Amino acid sequence: MDSYDLLIVGGGINGAAIARDAAIRGAKVLLIEKDDLAAHTSSASSKLIHGGLRYLELGQIRLVRESLREREILLKTAPHIVRPLRFVLPHCPGMRPHWMVRAGLLLYDALSLRRSLPRSRRVTGREAALQAPLADRRRLLSYWDAWVDDSRLTVLNAVAAAEAGAEITTRTELLSARRHGGAWAAELSGGRTVEAKALVNAAGPWVAELLARLGERSDSRARLVKGSHIIVPRLWDGEQAYILQQADRRVVFALPFQDDYTLIGTTDVEVSRPEGAAITPDEIRYLCEAADRYFRKQVVSADVVWSYSGVRALHDDGHGAARAVTRDYHLELSSTAGAPLLSVFGGKITTARALAAHAVDMLRIDGRRSTGWMMLPGGDLYPAYVDWLRTLMEWMPLPMVDRLSKAYGTRLKDLLGDADRLANLGRHFGAGLYEAEVRWLVEREFARTAEDVLWRRTKLGLRFTPAQAKALTTWLSGRR
């Protein structure tokens, strides 16, 4: 029986971040995930690293302050996948007064200690490009947060954990676990049995279900809230995003996405089960109408080229409306019979690193080393690397250089090796995806299927034809 200090169940952002932190501190870690890394909630976010401007309205000052601190850390440690994003906030008569929104932005600025992003401000008449996409002339405010490739952030945490000694095992399910002799004895799918000094329940929307399977009682409850997004052809030129107030007091984001598209979301719909999360016609209609209240280019259901949904396991703090439930995290520790079980409720992708540090502290794992200054894989963008990217443009199409550099950062040099022409990269599967990249994703980033490659490690599924996706599936199957 293999023995570990920590068995983590769940390969979303929280599980991956905990694995990274614990492994860096020297713990022997096994992370298991029944599907792919970031297969569910962690690839279905709004793709934002943000303090949460609207959380100020709910009085969640601590969460906003911590989130803004984590935003600064991620901008420094993962600059290839986390990038500054300017938001434009159009005033809407009959909703929050202009002065109230301005006051909220000033408080948001004040909470951003050691800020690297510009302060919020009024948009002047000289910035016509920000007004141009809107159907009506409005007073505009702007502020800055950050964009993230959420699924890659999850994967890179897992890669960093593995490089620190953790074992990352996908397509592996926890079948049963029981306390025995001051430790956990766990049976995994595939016939494997392991022992661990502590167990972490980072199962996301399955957190309560796993507790029930373990026979554990909990004082905490999870509220399952589905959030859905739509992708439509680009609605405006420019790299700014818009935050759109709605009559129901929710806000909807409209973001530039993958060069040619606009991402619109999210919704808040309570569900009873996490399985099979999918957008409904009512949600599509809601998001289209949310955008149509503001933009010149109108959106209808037929314009939707892709949609995705994820279920968030929010910590139930007693609020009635789903939109008002806290996005803060709650960690519950049970140490019956000397074998700790730590369960993760709630949280947001922005604060996963802080959550992980708190979780590992609670488990009393020695060898504390802060991850606040440690680059995620590929994040060390030194000047010579930027010069090297320019040499790539001599033989690689610019859009491909842009995509690869934003996905892999400095690890791109290892991915390409000695290649000096496209032919050196092996088979071309389509849309700039070559065999060398697929091999890297399989060998270094735990990818197993075409879906793993096209929708989580990349977003090339937006550009692949069904025939190209089938050819990739066939090639991957031949490697097993």
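Structural data are supplied above this passage.
The structure contained in this document is the topic of the report that follows. (Residues numbered from 1 in each chain as written. Predicted model: local features only at pLDDT ≥ 70, side-chain atom pairs only at ≥ 80, totals over all residues. Heavy atoms only, no water.)

1. Thoughts on the overall build of the chain
Secondary structure assignment for the chain yields 15 helices and 20 strands. Relative to the globule expectation of 23 Å for 480 residues, the C-alpha radius of gyration of the chain, 22 Å, shows essentially globular dimensions. Burial statistics for the chain: of 480 residues in total, 59% are counted as buried. Pairs at least 24 apart in sequence give 74% of the contacts found in the chain among residues at least 6 apart. Averaged over its 68 positive side-chain charges, the chain has a centre that lies 4 Å from the centre of its 56 negative ones. (Helix = DSSP H or I, 4+ residues; strand = E, 2+ residues; numbered from the N terminus. Rg over C-alpha atoms; globule rule 2.2 N^0.38 Å. Buried < 20%, exposed > 50% of the residue type's maximum accessible area, 1.4 Å probe, protein only. Contact = heavy atoms within 4.5 Å. Lys, Arg positive; Asp, Glu negative; His and termini not counted. Charge placed at Lys NZ, Arg CZ, Asp CG, Glu CD.)

2. Some details on the nonpolar core
Counting 49 residues, the largest nonpolar core has Leu6, Ile8, Ile18, Val29, Val82 and Leu153 as the members making the most contacts within it. In this view, Ile18 contacts Leu6, Ile8, Val200, Val344, Leu355, Ala356, Ala359 and Val360; residues no more than four positions away in its chain are not counted. Counting 31 residues, the second largest nonpolar core, distinct from the first, contains Val401, Leu425, Val438 and Leu454. (Core = buried A, V, L, I, M, F, W, Y, C linked by side-chain atoms within 4.5 Å.)

3. Structural notes on the packing of aromatic side chains
Summed over all chains, the structure comprises eleven aromatic pairs. Pairing Tyr242 with Phe295 gives two aromatic rings, centres 5.3 Å apart and planes at 85°, and the pair type is edge-to-face. Residue Tyr242 is found in strand S12 (residues 241–245), and its partner Phe295 is found in the loop between helix H8 (281–292) and strand S16 (306–315); the two are separated by 53 residues along the sequence. The same class applies to Tyr242 as to Phe295, namely buried. Geometrically, the ring pair formed by Tyr382 and Tyr385 is edge-to-face, given 6.1 Å between the ring centres and 65° between the ring planes. Judged by its relative accessible area of 2%, Tyr385 falls in the buried class. (Phe/Tyr/Trp six-rings, centres within 6.5 Å; stacked < 30°, edge-to-face > 60°.)

4. Re helix H9 (residues 352–362)
Within H9, eight of the eleven residues are buried, which leaves the element mostly enclosed by the surrounding structure. Of the residues making up H9, those classed as buried are Ala352, Arg353, Ala354, Leu355, Ala356, Ala357, Ala359 and Val360. Those residues of H9 that are buried lie in contact with helix H1 (13–24), helix H3 (61–77), strand S17 (329–334) and strand S18 (341–346). Arg364 lies just past H9 and shows a positive phi near 60°.

5. Let's talk about the packing of H1 against helix H6 (residues 150–163)
Between H1 and H6, the shortest axis-to-axis distance is 8 Å and the interhelical angle comes to 25°. One way to sum up the angle between H1 and H6 is to call them roughly parallel. Viewed along their axes, H1 and H6 form a crossing whose handedness is left-handed. From H1, Ile13, Ala16, Ala17, Ala19, Arg20 and Ala23 reach across to H6, where they touch Leu153, Thr154, Asn157, Ala158, Ala160 and Ala161. Per-class residue counts for the contact of H1 with H6 are nine nonpolar, two polar and one charged. (Axes fitted to C-alpha atoms, helices over the stretch in contact; angles between N-to-C directions. Parallel < 35°, antiparallel > 145°, perpendicular 65-115°, else oblique. Left-handed = near helix turned anticlockwise from the far one by under 90°. Nonpolar A, V, L, I, M, F, W, Y, C, P; charged D, E, K, R; others polar.)

6. Quick look at the side chain of Ser46
Tracing the sequence through the fold places Ser46 in the loop between strand S2 (29–33) and strand S3 (48–49). Note on Ser46: relative accessible area 14%, which makes it buried. Polar side-chain contacts of Ser46 include one of 2.7 Å to the side chain of His229. Beyond its immediate stretch of four places on either side in the chain, Ser46 contacts His229, Phe253, Leu255, Thr266 and Tyr308. (Polar contact = N/O pair within 3.5 Å; in protein donor to acceptor, adjacent residues only side chain to side chain.)

7. Remarks on the environment of Leu141
Along the chain, the position of Leu141 falls in strand S6 (residues 140–148). The buried category is assigned to Leu141, whose relative accessible area is 2%. Through-space distance from the C-alpha of Leu141 to that of Phe87 is 8.3 Å; in sequence the pair is 54 residues apart. Those residues within four positions of Leu141 in sequence are excluded, and the remaining contacts are Phe87, Val88, Leu89, His98, Val101, Arg102, Leu105, Arg121, Arg122 and Val123.

8. Points about unusual backbone geometry
Working note: non-glycine residues mostly have negative phi, and peptide bonds are mostly trans. Residue Thr266 follows Gly265 across a cis peptide bond; omega there is 20°. You can see Thr266 is positioned in the loop between strand S14 (261–265) and strand S15 (269–270). In this structure, Arg249 is a non-glycine residue whose phi angle is positive, near 75°. Summarising the element assignment, Arg249 is placed in the loop between S12 and strand S13 (251–257). A relative accessible area of 36% places Arg249 in the partly exposed class. Phi angles above zero are rare outside glycine, and Gln258 is one such case at about 50°. Residue position: Gln258 is located in the loop between S13 and S14.

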